[in-house]
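# Close look at the chain arrangement
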Amino acid sequence: MCDRLPIAGDGESLRLTAKIVTNYYDRYAVTADGVSPMSLPGTPGGQYTADGLEHNVRGVPSSRATDHQSQLDKRRDKLLRYDYGPIWAEVEGDGEAAVLTWGSTAAPVREAAALARAQGLAVKVLVLRLLLPAQPARLARLLEGVRRVLVVEQSHSQQFYSYLKAHYTLPAAVRVLARPGPLSIRPAAVLAQLLQWR
Amino acid sequence: MQAALFRALAHLDLPPEHVTIISGIGCSSRLPAYTECYGFHGIHGRALPLATGLKLARPELTVIVASGDGDAFSIGGNHFLHACRRNVDLTCIIMDNEVYGMTKGQPSPTTASDWDSKLAPSGTHVRPLQPLAVALAAGAGFIARGFSGDPNGTARLLVEAIRHPGFALVHVLSPCVTYRPEEKLWKQQVHSIEMEPTAELAEAARRLFTDDGLSTGIFYRATLPPYPVTSQTRSDDLSVIEAEFVL
C-alpha cells in the first residue's frame, strides 16, 4: 500500500507515499503509528483534499463526533509515538547545578556555564528544543543527580517555568531568572545567579 | 458554481487526478472537498501563493484557485495583485457575494458603501473595490465575469480560462441568500456584455469602468508571456522535493 521513503529514525522525518491499488483511498486512515501514506497529485485514484476543517478518513469535512475523536487521537498518537531522538534537547556538562532554558537564551546560558566551570562550579546546561509533546521521562533521566535548577527565560510572566511545572517534575530547589525584552539576558546575569547559589 | 466547474472540467476531459483546486477560507473555499480532484483548503487569503508554488513545482497539473471577495480582495489582496502581474498559469475563480457570509454578514471589500446592516449601520461609507479593473491594472491577461445562477455560461468562461496560458481571473457573482437576500434579484439583473473579448487595454478599461457590475462575459484576453517554469523536480519523488528545502 505504501513506500517508506526516508526512514524514521532519531529525529528523521517519515514520509509515506501512497501507492493506490484500488480506486478508494483514505488519506487520513487511522494507523498504528498515526502516520498515513500521502498520495501525490497526479496519482490516479489518490485524490483527496487537505483540509484544515476536521474531516473523516477520506479528508471530507465532517461534523461527526466519531470523526473528530478519531482524527484528534490519530494526530496526538502520531506526535506521542514518534521517537524524536536526542535532538529533543541539547545537553552540555554535568553537575549538581543545572540551568534549564530554551530558545534565544541558550547562548548566554552556555557562555555563563563555561565561565562558571572556569571558576570551579560544575554546571549542567539543558536546552529544550522540543516543547511539545513533553518528554518527562527523558528529562527526569537528565536531571538525575541534579540538586538545584536555575530556569532562564526571556519572559516577563515566567511562561517557560509555568510550562515546566505543568509537564515536568523538577528538583525541589528551583530559581527562575526571567526578564522581558528588549534587553537580552546576558551571560553575566546568569553567571551571577549561579555563583550566588553555589 | 460547483456545477459550472464540473461541466467545464468534463468538457475539457481533464482527468480528476490532474486537477488540483486550492482555496483559502470562506464559503467559497469549501469547494475543493466537494470535488473528486486533489484539493488543498488552505489559510485565509493565501490560496494564490499556495497555487503558485504548486504550479511551479508541478507544471503538468491544472491548478485552479477557489476564493471569495473577502479572501481574495481583503485578506489576500496583496497576493491577488502580484498573482495578476506574475502571470503564472492559473485559473482563479473568485466567488463574490459582497459580504463575509461565513462570519455572519460583515461588509467585504466589494460591498456597496451604503449597505445597511446590524454590523455596519448606515453602511461603511467606503467605496467598493472594482476587482476586474484592479486586475487589469495589475497585469492580468484574462478577465471575465460569470454568474453562479448561470452554470452553463460560467462553465464556458471556465473552459476559456483554463485554456488560457497564464493567469486567468473569473469573477463569479454568487448571491448570499442568507445575509444578502436582495442578491436573489441578480438572477433578473445579470446580463451578457455581448461583445467579443478585447486585447486592447484601453478598450478593456473603458468596458470595465462603464460596466454596471452585473454584466458577464470575457472583458479582456491578451496573450502575455506566462511566468517561466524552471523547476527540475521529479514529480513523483518526495525525497527530492524535501532535499530542496534542506538548509
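Along each chain, residues carry numbers from 1 onward, in the same order as the chain's sequence is written. Written order decides the labels, with chains lettered from A and ligands numbered from 1. Side-chain atom pairs in this predicted model are given and counted only at pLDDT of 80 or more, local residue features only at pLDDT of at least 70, and totals for whole chains, interfaces and linings cover all residues.

## Here we look at the domain arrangement of chain A
These domain limits were set by an automatic method or by a database of domain assignments. As far as domains go, chain A holds domain 1 (1–83) and domain 2 (86–196). For domain 1 of chain A versus domain 2 of chain A, the separation of C-alpha centres amounts to 37 Å.

## Thoughts on the pairing of strand 5 (residues 142–147) of chain B
Residue and element names in this part refer to chain B. Our exposure labels follow a C-beta count within 10 Å of each residue's own C-beta, placed from the backbone: buried means 20 or more other C-beta atoms, exposed means 12 or fewer, and partly exposed covers the counts in between. For helices the rule is a DSSP run of H or I covering at least 4 residues; for strands it is a run of E covering at least 2, with both sets numbered from the N terminus onward. Counting buried positions along strand 5 gives six out of six residues, so the element sits mostly inside the fold. Burial of the side chains of strand 5 extends over both faces: Phe142, Ala144 and Gly146 are buried on one face and Ile143, Arg145 and Phe147 on the other. Strand direction decides the pairing type here: strand 5 and strand 6 (residues 168–173), joined by six bridges, are parallel. Looking across to strand 6, one finds that arginine 145 is bridged to histidine 171. Looking down the strands as they point away from the viewer, one classifies a crossover as right-handed if the path from the first strand across the helix to the second runs clockwise. Crossover connection from strand 5 via helix 6 (residues 151–163) to parallel strand 6: handedness right-handed. Examined bridge by bridge, strand 5 and strand 8 (residues 215–221) share four bridges and lie antiparallel to one another. Its bridge partner being in strand 8, phenylalanine 142 is matched across the sheet by arginine 221. Paired strands are those between which DSSP finds at least two bridges.

## Things to note about helix 1 (residues 2–12) of chain B
All names here are of chain B. When we look at burial in helix 1, the residues that qualify are Ala4, Leu5, Ala8 and Leu9. When helix 1 is viewed along its axis, its buried side chains cluster within an angular range of 125° and face the same direction. Opposite the packed face of helix 1, turned more than 90 degrees from it, sit the exposed residues Ala3 and Ala10. We call two residues in contact when the distance between their C-beta atoms, placed using the backbone, is within 7 Å. At its buried positions, helix 1 is contacted by strand 1 (19–23), strand 5 and helix 6. To obtain the arc, one takes the directions from the helix axis to the C-beta atoms.

## Brief notes about the interface of chain B and chain A
Facing the 18 residues of chain B at the interface are 20 residues of chain A. Counted by class, the side of chain B that touches chain A contains eight nonpolar, six polar and four charged residues. For strand 3 (residues 49–51) of chain A and strand 2 (residues 38–41) of chain B, the ladder comprises three bridges, and the chain directions are parallel. Looking at the pairing, aspartate 51 of chain A lines up with histidine 41 of chain B of strand 2 of chain B. Put simply, Ala, Val, Leu, Ile, Met, Phe, Trp, Tyr, Cys and Pro go in the nonpolar bin, Asp, Glu, Lys and Arg in the charged bin, and everything else, Gly too, in the polar bin.

## Notes on the sheet that holds strand 4 (residues 89–92) of chain A
All names here are of chain A. Sheet architecture is open: five strands sit in the order 4-6-5-7-8, paired in mixed fashion. The sheet terminates laterally at strand 4 and strand 8 (173–178), the two strands that pair on one side only. With direction set aside, neighbouring strand axes in the sheet form an average angle of 20°. Note that strand 4 and strand 6 (residues 123–128) share four bridges and pair antiparallel. Paired with glutamate 90 across the bridge in strand 6 is valine 127. Running over the sheet, helix 4 (residues 159–167) touches strand 5 (97–102), strand 7 (148–153) and strand 8 and is turned about 135° from strand 7. Helix axes are fitted only over the stretch in contact, all axes being lines through C-alpha atoms; the angle between N-to-C directions runs from 0 to 180 degrees. Together, strand 5, strand 6, strand 7 and strand 8 form the strand contacts of helix 5 (residues 187–196), whose direction differs from that of strand 8 by roughly 160°.

## Observations concerning the packing of helix 5 (residues 131–138) of chain B against helix 8 (residues 201–209) of chain B
Residues and elements named next belong to chain B. In contact at an axis separation of 9 Å, helix 5 and helix 8 are set at 165° when each is read in the N-to-C sense. Here helix 5 is positioned roughly antiparallel relative to helix 8, judged by the angle of their axes. Seen along the crossing, helix 5 lies across helix 8 with a hand that is left-handed. Residues Leu132, Ala133 and Leu136 of helix 5 touch helix 8, and the partners they reach there are Leu201, Ala204, Ala205, Leu208 and Phe209. Its residues placed into classes, the contact of helix 5 with helix 8 shows eight nonpolar, no polar and no charged. With respect to orientation, any angle under 35 degrees is reported as roughly parallel, any angle over 145 as roughly antiparallel, any angle of 65 to 115 as roughly perpendicular, and every other angle as oblique. In a left-handed crossing the near helix is turned counterclockwise from the far helix by less than a right angle, and in a right-handed crossing that turn is clockwise.

## Some details on unusual backbone geometry
Cis geometry is found at the peptide bond from leucine 132 of chain A to proline 133 of chain A, where omega equals 0°. Residue position: proline 133 of chain A is located in the loop between strand 6 and helix 3 (136–142). In this structure, proline 182 of chain A follows glycine 181 of chain A across a cis peptide bond, with omega equal to 10°. For proline 182 of chain A, the position within the fold is in the loop between strand 8 and helix 5. The backbone of glutamate 98 of chain B shows a phi angle near 60°, a positive value even though the residue is not glycine. Relative to the helices and strands, glutamate 98 of chain B resides in the loop between strand 4 (91–96) and helix 5. For glutamate 98 of chain B, a count of 24 C-beta atoms within 10 Å translates into the label buried. For glutamate 194 of chain B, which is not glycine, the phi torsion reads 50° and is therefore positive. Relative to the elements of secondary structure, glutamate 194 of chain B occurs in the loop between strand 7 (191–192) and helix 8. Since 8 C-beta atoms lie within 10 Å of it, glutamate 194 of chain B is described here as exposed.

## Quick look at the environment of glutamine 196 of chain A
Residue and element names in this part refer to chain A. If you trace the backbone, glutamine 196 turns up in helix 5. Accessibility expressed as a C-beta count within 10 Å gives 8 for glutamine 196, which makes it exposed. Counting along the chain gives 176 residues from glutamine 196 to isoleucine 20, while the straight-line C-alpha distance between them is 64 Å.

## Topic: helix 5 of chain B
Residues and elements named next belong to chain B. For helix 5, the set of buried residues is Pro131, Leu132, Ala135 and Leu136. For helix 5, the angular spread of the buried residues around the axis is 140°, confining them to a single face. Positive backbone phi, approximately 110°, marks glycine 139, located one or two places after helix 5.

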